[in-house]
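Geometric and topological summary
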Amino acid sequence: VSTGDFSSVVVQRVTATGAFTYTPTANMKYVICELCAAGGGSGGIAATTGNIAISGAGTGGAYAKFLLTAAQVGASLTGSVGAAGTAGSSGNNAGGNGGDTTLATASAWTCGGGTGGAGGAAGASATVNSAGGGAVTTGTGTVILAIDGGQSGNGAAAAATVAMSGCGGSSGLGVGGPNAFEAVTSNGTSGHPGSGYGAGSGGSISYGTVGALAGTAGQQGIAIFTEFIG
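The structure displayed is predicted, hence computed values, not measured ones. (Residues numbered from 1 in each chain as written. Predicted model: local features only at pLDDT ≥ 70, side-chain atom pairs only at ≥ 80, totals over all residues. Heavy atoms only, no water.)

1. Considering the sheet that holds strand β10 (residues 136–137)
If you walk across this open sheet you meet the 5 strands as β2-β6-β7-β8-β10, and the pairing is antiparallel. If you trace the sheet from one side to the other, it starts and ends with β2 (18–22) and β10, each paired once. (Pairing = 2+ DSSP bridges. Helix = DSSP H or I, 4+ residues; strand = E, 2+ residues; numbered from the N terminus.)

Here is the structure:
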């Protein structure tokens, strides 16, 4: 594209979760759209008495970047920004799934939200396996980049040694929450949050006489429209 093809660049960002309407700026020639779904929340953990508990981490939301022409946008387009996956409540309770972020072009785009982590029960040892993140359904326009959400990490613990929860899954616009690591004393940590949009939270962990703990919420999604004005 030569510099004579457009006179200015305008960026519209939609950060409020839920339904929205994208109305292009006057004389928009084409627009680069970025959609990022929300990340999953981590699970809560049960009370431990001389035992270990580890919850699952949230996975990352999917991300897509694509180009639309003025004709493909028309007068306006509707969409939705995904809300963050909720924290698993205190006890052996799963975290919530992140919400999808969508754009209703002629053939719709959907970036799937991350999955919430499993709750953690008390036991002599524990293992939490990784899970995959949200997926991209491509729609109208020219695809620039499409990235499925990052998977969560594995978590494991053995009695009288150490315990480590899984890290949260990343997204195209965010980094998943780090894992928690504890020597097996009476300690407990709710999952660490991710940073940026669409990140999943890290898993929670406890050992010994720690009471039940909640998980941690994931990070919300976003929609960004970079317009080239003629």
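2. Re unusual backbone geometry
Positive phi outside glycine occurs at Asn 27, with the angle close to 70 degrees. Here Asn 27 lies in the loop between β2 and β3 (28–36). Exposure remark for Asn 27: the relative accessible area of 58% places this residue in the exposed category. (Buried < 20%, exposed > 50% of the residue type's maximum accessible area, 1.4 Å probe, protein only.)

3. A look at the environment of Thr 138
Inspection of the secondary structure assignment puts Thr 138 in the loop between β10 and β11 (142–147). Thr 138 sits in the partly exposed class, given a relative accessible area of 43%. Considering only alpha carbons, one finds Thr 138 and Asn 97, 41 residues apart in sequence, at a separation of 21 Å.

4. Some words on the state of the cysteines
Applying the stated rule across the entire model yields 0 disulfides. Free cysteine Cys 33: the closest other cysteine sulfur is in Cys 111, separated by 11 Å. With relative accessibility at 0%, the residue Cys 33 sits in the buried group. (Disulfide = S-S within 2.5 Å.)

On their own, these measurements won't tell you what the molecule is for.
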